[in-house]
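Structure at a glance
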Amino acid sequence: MSVLTVVLALFAALSNAAASVLQRRAAAQDEDRAGAVHTVVRSLLRLVRDRYWVGGAALLALTTVLQASALAVGSLAVVQPLMATELLFTLVVGSVVFHRRPDLRTWLAFVALAVGLALFLGAASPAAGQDTATPGRWGWAGLALFCAVTGFAAVGSAVRGAPRAALFGSASAVAFGGTAALLKEVTGRFPQGVGAVLTQWPLYATGVVGVISFLLLQSALRAGTLAASQPALTLGDALTSVALGWALFGEEIVLGVRVLPELIGIALIGLGSVGLARAPSVHGTWDTAPAARDGPGKGRRQEQEQEQT
């Protein structure tokens, strides 16, 4: 694990967290809360004039560059545990943007999720695999990704509120995990030359899957609070990336004596998930547009009144 990989991955996590917060800030002001893709497209036509949304889109582009750079010098299994810090960055940046801190239970749940994920993936410590995928495996991986994304999105379309945000967040996570794997494939083909990369399919598949991921993310951010969508997004992205790293690039997971910390990590993820499900912020208003407009004083009073009721 090089210092450069760590720095690039942490900056990518911070950039992605800030992008989610800013675009959630814009989405909270959007009157149309439906999650269908065609509705998202119509909503984007309105949001392109919102400075928060534009700033978030710019940060998403920056995240792509930073993540691609991290993947070029490190493996999926090294980069993704570091990206788990995105959960904590989301709360910090969100507290600044929305002028209101989420409740203590949400903080503890996010810490448990981030530490558990990092502990599990760090203990598993998949061995660095090959730079490009094993020939013939992308077809099966693509089919699995399509089924998972479609399944999450279909179920998410049938529900409302926090479950909808979590399910669309999961669909977006799987798609972003696929995008990360495709980025790894593209960077692994750089030694073949720019001309070869431009004439091969991975570069263009990365663009298509990236756009799908982006649209699903917009649905998740508009469906509910960040406390519901962001954990699903971060956890799903990390676990999908590790699975693809194993299936495509031969990044084998270490077991043996490391099973204990892996199980502890899984337990922390479970505790964090249970705590988050009961946290007021999941169904509350800490990351809504009115909270940002009203300022810190009024926001805290409204939150206290909501918890009392």
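Notes on the structure follow. These numbers were taken from a predicted model, which means no experiment stands behind them. All residue numbers here refer to positions counted from 1 along the written sequence of the relevant chain. Residues qualify for local features only when their pLDDT is at least 70, as the model is predicted, and side-chain atom pairs are given and counted only at 80 or more; totals for whole chains, interfaces and linings, by contrast, use all residues. To obtain the side-chain values, all non-hydrogen atoms of the structure were used and water was disregarded.

Describing helix α5 (residues 86-97)
- Along its twelve residues, α5 runs 16 Å from first to last C-alpha, staying within 8% of the 16 Å computed at 1.5 Å per residue.
- If you check which residues of α5 are buried, you get Glu86, Leu87, Thr90, Leu91, Val93, Gly94, Ser95 and Val97.
- Two residues or fewer after α5 comes His99, characterised by a positive phi angle close to 55°. Strands are runs of DSSP state E lasting at least 2 residues, helices are runs of H or I lasting at least 4, and numbering of each runs from the N terminus. Each helix should span, by expectation, one fewer than its residue count multiplied by 1.5 Å. Note on classification: 1.4 Å probe, protein chains only; a residue is buried when its accessible area is under 20% of the maximum for its type, exposed when over 50%, partly exposed between these limits.

Thoughts on the packing of aromatic side chains
- Stacked, edge-to-face and tilted are the three classes for Phe, Tyr and Trp ring pairs, Trp counted by its six-membered ring, which pair at centre distances within 6.5 Å; planes under 30 degrees apart are stacked, over 60 edge-to-face, the rest tilted. Under the criterion given, the structure shown has two aromatic pairs.
- When the ring of Trp53 is compared with that of Phe214, the centres are 6.0 Å apart and the planes differ by 75°; the resulting orientation is edge-to-face. Linking Trp53 in helix α3 (residues 51-73) with Phe214 in helix α10 (residues 201-223), this pair joins segments that are 161 residues apart in sequence. For the pair Trp53 and Phe214, one class covers both residues: buried.
- Ring centres of Trp138 and Trp201 lie 5.8 Å apart, and the angle between their planes is 85°; this geometry places the pair in the edge-to-face category. One end of the pair, Trp138, is in helix α7 (residues 138-157); the other, Trp201, is in helix α10, with 63 residues separating them in the sequence.

Things to note about the pattern of salt bridges
- Whenever a carboxyl oxygen of Asp or Glu lies within 4 Å of a side-chain nitrogen of Lys or Arg, that contact is scored as a salt bridge. Applying the stated criterion across every chain, the model contains one salt bridge.
- Here Glu185 makes a salt bridge to Arg189, at a shortest N to O gap of 2.8 Å. Judged on exposure class, the residue Glu185 and its partner Arg189 are both buried.

What to know about the environment of Thr206
- Structurally, Thr206 can be placed in helix α10.
- Those residues in contact with Thr206, other than ones at most four positions away along the chain, are Thr179, Leu182, Leu183 and Val186.
- From its side chain, Thr206 meets the backbone oxygen of Pro202 in a polar contact 2.7 Å long. Contact criterion: two residues are considered in contact whenever any of their non-hydrogen atoms come within 4.5 Å of each other. Any N or O atom pair separated by 3.5 Å or less is treated as a polar contact, with the protein-specific requirement of one donor-capable and one acceptor-capable atom, and with residues adjacent in sequence counted only for side-chain atom pairs.

Overview of the packing of helix α1 (residues 3-27) against helix α11 (residues 226-249)
- Where α1 meets α11, the closest approach of the two axes is 12 Å, and the angle between their N-to-C directions is 145°. In this structure, α1 meets α11 at a crossing whose hand is right-handed. Side by side, α1 and α11 meet where Ser20, Val21 and Arg24 of the first sit next to Leu226, Gln230 and Leu233 of the second.
- Polar here means any residue other than Ala, Val, Leu, Ile, Met, Phe, Trp, Tyr, Cys and Pro, which are nonpolar, and Asp, Glu, Lys and Arg, which are charged; Gly is therefore polar. When its residues are assigned to classes, the contact of α1 with α11 shows three nonpolar, two polar and one charged. In this analysis an axis means a line fitted to C-alpha atoms, helices contributing only their contacting stretch, and an angle means the value between N-to-C directions, from 0 to 180 degrees. In this scheme the crossing of two helices becomes right-handed for a clockwise turn of the near helix relative to the far one and left-handed for an anticlockwise turn of less than a right angle.

Limitation: the analysis is restricted to geometry and does not speak to function.
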